[in-house]
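# Observations on chain architecture
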Amino acid sequence: MDQKDSSRRSSKEEKGSSSSRENTSGNERDGTYIADKYASQILESQGRLDKYTAENDHLLDEVSNLRLQIREMKNDRSELVRAHHESMSLLAQVSEEKLVEFKSKSEQEALESKSAQEEALRTVLEMMEKDCEDRVAELDAELARVEAERERALQLQLEAASKAAEESARKQEVEEAARLAVEKLVQERQAKSQEIGHLTEREEQLKHELEMTKKLAEMGKNAAIQSAEAIADIDESAQSPTTPLVESKRPPVVSRRGIQTYQESPFLDDPINEMTYGRRIALKLQNYSCYQPRGTHWDFNGLGLQSAWAHFEHSVLPRYISKSVSSLKKGNKSRGGLSADSDDNDDDWLYSPGKNKGSKGRKGDLQRAEPGESESPTKLYSPIFTPLSQLGDFGLGVGLYFSSLRAIALISLIAGLINLPNILYFASDVYSASQPDVNFLLKGSAICTEQVWVPCPTCPIDKYENSRDRIGGTTTVTQDGELQPLIFAMKNTCDGATMNVGIVNLASLGFIIIATIALSVYQKRKVVEFDEQEQTAQDYSIEICNPPKDATEPEEWKKFFETRFGVHTTCCTVTIDNDLLVQALAERREVLHQIEEKIKEGAVANTLSLSEYAAKVEHRRGLIGNIKSRISPGIPELVDRLTVLNQKIQGLAQQHYRATKVFCTFETESMQREIIKEMKVGPMTARMNSVHAINPNLLFRGEIVLDVREAEEPSTIRWMDLDVSWSSKIKQLSVTTLISLAFVAAVAVVVALVRAQGAAYAALAISIANAIFPMVAKILTNVEAHASETGKQCSLFVKIAIFRWVVTAIVITIITPFMSTLTKGPDHLLQSIWLIFFTDLVISNVLQISDPVGNFKRHYLAPRAKSQERMNLLMSGTEYTIAERFTNMTKQLFLAFYYCAIYPSIFFICAVTLFVNYYVDKFSIMRSWKPAPMLGASIAKFSRIYFMTTSVAALALVSSYMFSGFPYDNLCADNTSHSAYYGNWQVTDGNGQTSSAVVEPNQRSYHFCNQYIGPGQNFVYPVSPNAQPSGSKWMTSSQEQLVGIYGIVSAVILGLVGSVFAYRIFRLFQKLFSASYKPAGSDQGMNFSEVKTISSYIPQVKSEQFTYPLLAVNVDYVGESIFDWSDPARSHSYYDLTRDVEQLLKGDENEEICYRAFGQIRHWPPNGPDAVEVGEKPRQRSSLRRSKESAYKRNVSWSSKVTCKTYSKDVPMTYESFNANASTNQGMNFDGHAAPIFDPHTQNEARGFGKQNKGEEAPPQASPRQHFDQYQNSGVDQANQQPDIFYGDSQNQYAGHDQPSENSLQTGGSSTSSSRNSTEGSDSGYSEEDYGGSFSEESQTTASEGSRNIT
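What counts and what doesn't
What you see as residue numbers is a count from 1 along each chain, following the sequence as written. Restriction of local features to residues with pLDDT of at least 70 applies here, the model being predicted, together with a cutoff of 80 or more for giving and counting side-chain atom pairs; totals for whole chains, interfaces and linings are based on all residues. Only hydrogens and water are set aside when side-chain values are computed; all heavy atoms of the structure are taken into account. Only a pair of cysteine sulfur atoms within 2.5 Å qualifies as a disulfide here. Helical segments are the DSSP runs of H or I of at least four residues, strand segments are the runs of E of at least two, and each set is numbered from the N terminus. A simple rule labels every residue: compare its accessible area, found with a 1.4 Å probe on the protein chains alone, to the largest value its type can have, and call it buried under 20%, exposed over 50%, or partly exposed in between. Geometry is summarised by axes, namely lines fitted to C-alpha atoms with helices restricted to the contacting stretch, and by angles between N-to-C directions that run from 0 to 180 degrees. Note on terminology: angles under 35 degrees are roughly parallel, angles over 145 are roughly antiparallel, angles of 65 to 115 are roughly perpendicular, and the others are oblique. Contacts are residue-level and defined by heavy atoms, with any inter-residue pair within 4.5 Å sufficient. Pairing between strands is defined by DSSP: at least two bridges between them are needed. Salt bridges are identified by distance alone: a Lys or Arg side-chain nitrogen within 4 Å of an Asp or Glu carboxyl oxygen. Pairs of N or O atoms are called polar contacts if they sit within 3.5 Å, as long as, within protein, a hydrogen donor faces a hydrogen acceptor (for residues adjacent in sequence, only side-chain-to-side-chain pairs).

Moving on: the state of the cysteines. Counted according to the given criterion, the structure contains three disulfides. At a sulfur-sulfur separation of 2.1 Å, the disulfide partner of Cys448 is Cys494. Taking the sign of the S-S torsion, 85° for the link of Cys448 and Cys494, the bridge is right-handed. Of the two residues, Cys448 sits in the loop between helix 10 (429–432) and strand 3 (451–455) while Cys494 sits in the loop between strand 5 (483–492) and helix 11 (499–533), which places them 46 residues apart along the sequence. Assigned by exposure class, Cys448 and Cys494 land together as buried. Residue pairing for Cys456: its cysteine sulfur links by disulfide to Cys459, the two sulfurs lying 1.4 Å apart. Looking down the S-S bond of the Cys456 and Cys459 bridge, the torsion is 80°, so its handedness is right-handed.

Structure, rendered in structure tokens:
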């Protein structure tokens, strides 16, 4: 801003100052001279180095030749020695033969012959010896000469290496001096540029444009030649040696894509003891090819997999800032900071810090780190020792879930202790002979093992169709000699409905009611505690639900609140109903990402070549290929879809959109609370615009009543569903609810069929259904439109809770025969209930803690992923929802309440299950689950008010019917006795099993009577002993009293629950017309900008193809501090979808269209510049231009698809060349050149679309020698190159508008619309980023000799 103000002041000074122009021209000439001088010195040094290198290579070749000659000479000498020995042996043999032949001759002749022979032999030997000596001498001389030459060559080699090192050092010194000199000149030129008052004459502009055009044409020509040569090399390595991959008549652009290159993480050096066990195992196993295939795999060195694991631990799993670092930071004002006096320790949560500002100090107060935090060392939360008070860091909903889970587990434990008398009674001899042969966990239940056969002459056989073991018969012979059948029925002799049992159960009911009220108070207290513990954007923000359709400028909203309340607005986000456009843009990014993964590395990536390649692929497809394309789209389908999306986006971007929601964040909590208190009205009041219901000074634009409420957390906003009408929401909700009910009915039928095969199978089927249905419910809920995750989670909670309640408790009761309620055995009710709890306690928790799906992705699929992005996605963790966890808790509780009357020890099983779930869920959230939205207290409140009270009502209602059903045998005594049954009998039941029966004289007979008076044919409410039919009484007197009392209690409790529901409904309707506001907790006195780990409301859409969300708003006017995530490899602007529309709608005349097609966001830090007037262009603070420093000094490259530049976030002077038409993805590691002289981060990367006021002069632009990026935001780095598939024809730099002029470049002005305010452009110089890496060496040399410094 200081630079902009100085530029404006200088523009108002005297125009045409001749002295300033002369000074500037002189500095420019000096700079050019020095740059040319150092460039010539560098070229001279490079030439000498090449010369010494060539001489050294020549000498090495000569040494190699001499060594070969020496070896040949040694071989020749060996051959001569061998020939000498052979000749000597031959002469000796010949002499011996001659002596034998002339032995008979005279002695004289023999002596003469011998003398002559010896003389001849001596002569021959002397000659041969002389020849050998001469040859050996020659070889020795030659060898000495070769050795001398070799020593000389080695000496020359050492001298050449020394000279090369000297030249290299001299070259570095020259380069460093040149860099410092040019930087100094740039600084001087920047200081002088502020004094330039106006643009030069139009004639000079045209001259400069002409020169630029000539140079660009020459560069384009050279680049086209080089591209043609490169594509020829690429085509040779295509699928066929004779048929190129893409044949294009136009000069193609070489694509140096690097999507498969690993992305080095700054967290590779984590200590081993701070890594998860999964990462440690991966580090040990990745050297084996069976774990991670190598060879031609892109991650051949394994660093990609290590980076993915680092991403999993630092960006997915929750971490906190290490106390040793945070305590050393001075002036740290963020909440949760640790004491400066505390010592470092691995267990940071075991130490208590000092008191935080505005909150009480407490044990384990850790400061949660943002995902990808790299400025300060962080550690993983402990899955065991992290206290409950710290779990609020993951959101109010998560903190309340764990606090509720622990509280309900404690309630179940105390309820079990209250039911100990009933447990002891059921397990005693008084009730059922100590329940022999009953499972230990089922002892203390109402299982009745005391059963006898009783006469039942009138019992209908068909009533026992599902309980064939309870009906039997035998035969006897009458006095007439005829056979007479005798029918027996099984009777339970256990009395479980005594008054003592009922009183204990009523006591537990009373305790649970009191505990539910206490839980409500406890949760409210925890809400305040968690809210005060963690400062979030919700504490400072408001949501305006009914903004005017045309109120899309954040500056107008800022001005409204600041003038009315005198507050400081820090952030403002205005959303519009462009969800179709954003969805199309997100899908387009996904399609482009899929294309990049499918095309080969280095292949051409322009529109024409891709279309031709797609046509060839489709032409060569066979039957199998066509079938595969239906399942998984190939290149042809993706290219077709891309074309359709481009056209769709171009059409949608030109529509007119209205404002839907406004989110304003203020600097302090008190500001937010004051505004909500003063402006809070009912939604219907705001909808009817009742201007008399509010202070007239608070009417927006003097006539509109605003619906203002406290905003939810930014991560919970569903940005694509903000503009869906209520009618559409109701239709969607109705359809998904019907589908859910149909699914419940279908699962109930399946469980009933499986139940016929055994209770164990039914319990397993119920557990599987409980695990699968949440996924089905999530799919159904994703179809629904909800403005926030809170509404979505509530809908999901209702679906899953109803399903689990019905399937787990109600269905199992319905499908189990009434007479099998108290009997023992695997096919009876209580055995089924125990198996359900067992599967939930053991199998479900074992599967959750082992995380087989997540580990399969991380350890099998990730090492075989095709790119770093895909590898990171596979490391994203297992998705979970807090609603599903709440339903799991309420399911356990509901099941315990439902059957506690006949299974009192179920409270202990429920308590153990909930305690295990507490630690298993805490482990999962710390080690395997994906981060969830920061939900508020709505789910916990919804669960407590509606489902907890429903569970209490179910306890009272079901228990009353449970006690009325004793003894569960459907037998009522008669007043008569049948003598034919007297005696001992062998009774055979319906299953063919035989047992004995004894009928004493005068023993009464029984008849069948339906003892079930619950929902059905004999339904009675409230339950009463008077429901027994006349002549068919089965209740004892004590049981009748208990049932009468319980019937009244259940009716009262049901009435109270109904009153609670009615009151809640009344309050909902009341809030439509009147509203009150009561803040949660006290004002902590902290400013929004002082909280380090805080975010704001940035519209975004999540994609399964990208690790981080895509941004649906222009982020050039915000700082990176308000993001709740940070990609260590790319800037936030990479994910900005608004830039894609700019490239598709090319031309300055479409800038206003692009601007109005998206919502707006502004960020005004307290010490930053003030807001501009409505309609003016906002000042730019692009998150793309930032220079992010990291505590880890690694060179991690990041890239922006739209600006087509690749920078380094850690080392500003390090960058990689980038081809404009190349496909873009994470990594972007292309072939680079020397480091640029100027810092690329200081370039003007932002762009705006605000209207230019009439009469306002065009804003200044950068000088060409200051490296003004004239292709900024054009999608390319050089003019007139071939279109890219991403941007179409928008890469033609001068299509539809004038070229930049010399004077406009020199003065920092813009030759396009005034909305492209580039006052920061003067801080940067030319670099080879502007032209990618497409120029040949000759063209680069030519360009470096001109006015632009292109390396």
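Alright, that's what it looks like, and here's the rest.
With that out of the way, let us pick up the packing of helix 25 (residues 882–899) against helix 26 (residues 906–927). Remark: helix 25 packs on helix 26, axes separated minimally by 9 Å, with the N-to-C direction vectors making an angle of 170°. Classed by the angle they form, the pair helix 25 and helix 26 counts as roughly antiparallel. The residues of helix 26 that touch helix 25, namely those facing Arg885, Asn888, Met889, Gln892, Leu893, Leu895, Ala896, Phe897 and Tyr899, are Ile906, Phe907, Cys910, Thr913, Leu914, Asn917 and Asp921.

With that out of the way, let us pick up the sheet that holds strand 6 (residues 541–544). What the five strands build is an open sheet, ordered 9-6-8-7-16; its pairing is antiparallel. Among the strands making up the open sheet, the edge pair consists of strand 9 (708–710) and strand 16 (1160–1163). Mean inter-strand twist for the sheet, computed between neighbouring axes without regard to direction, equals 20°. Pairing analysis gives four bridges linking strand 6 to strand 8 (residues 659–666), with the strands arranged antiparallel.

The next subject is the pattern of salt bridges. Side chains carrying opposite charge are able to pair once their charged atoms draw close together. Overall, the coordinates contain 37 salt bridges when judged by the stated rule. Between Arg885 and Asp921 there is a salt bridge, with its nearest N and O atoms 3.0 Å apart. Taken together, the positions of Arg885 in helix 25 and Asp921 in helix 26 put the pair 36 residues apart, joining distant regions of the chain. We note that Arg885, like Asp921, is buried. Taken together, the shared-partner salt bridges connect Arg804, Glu884, Arg885 and Asp921 into one network.

Another aspect to go through is the side chain of Asp1116. By the secondary structure assignment, Asp1116 is in the loop between strand 15 (1110–1111) and helix 29 (1138–1144). Its relative accessible area of 0% is what places Asp1116 among the buried residues. Here the side chain of Asp1116 touches Arg1139 through a polar contact of 2.7 Å, side chain to side chain.

Attention shifts here to unusual backbone geometry. In this structure, Pro967 follows Phe966 across a cis peptide bond, with omega equal to 10°. Pro1022 follows Tyr1021 through a cis peptide bond whose omega is -10°. Checked against the element boundaries, Pro1022 lands in the loop between strand 13 (1006–1008) and helix 28 (1037–1073). Phi is positive for Ala433, which is not a glycine, with a value near 55°. In this structure, Ala433 sits in the loop between helix 10 and strand 3. For Asp437, which is not glycine, the phi torsion reads 60° and is therefore positive. Inspection of the secondary structure assignment puts Asp437 in the loop between helix 10 and strand 3. Since its relative accessible area comes to 71%, Asp437 is described here as exposed.

Function cannot be read off these values alone, since they describe shape.
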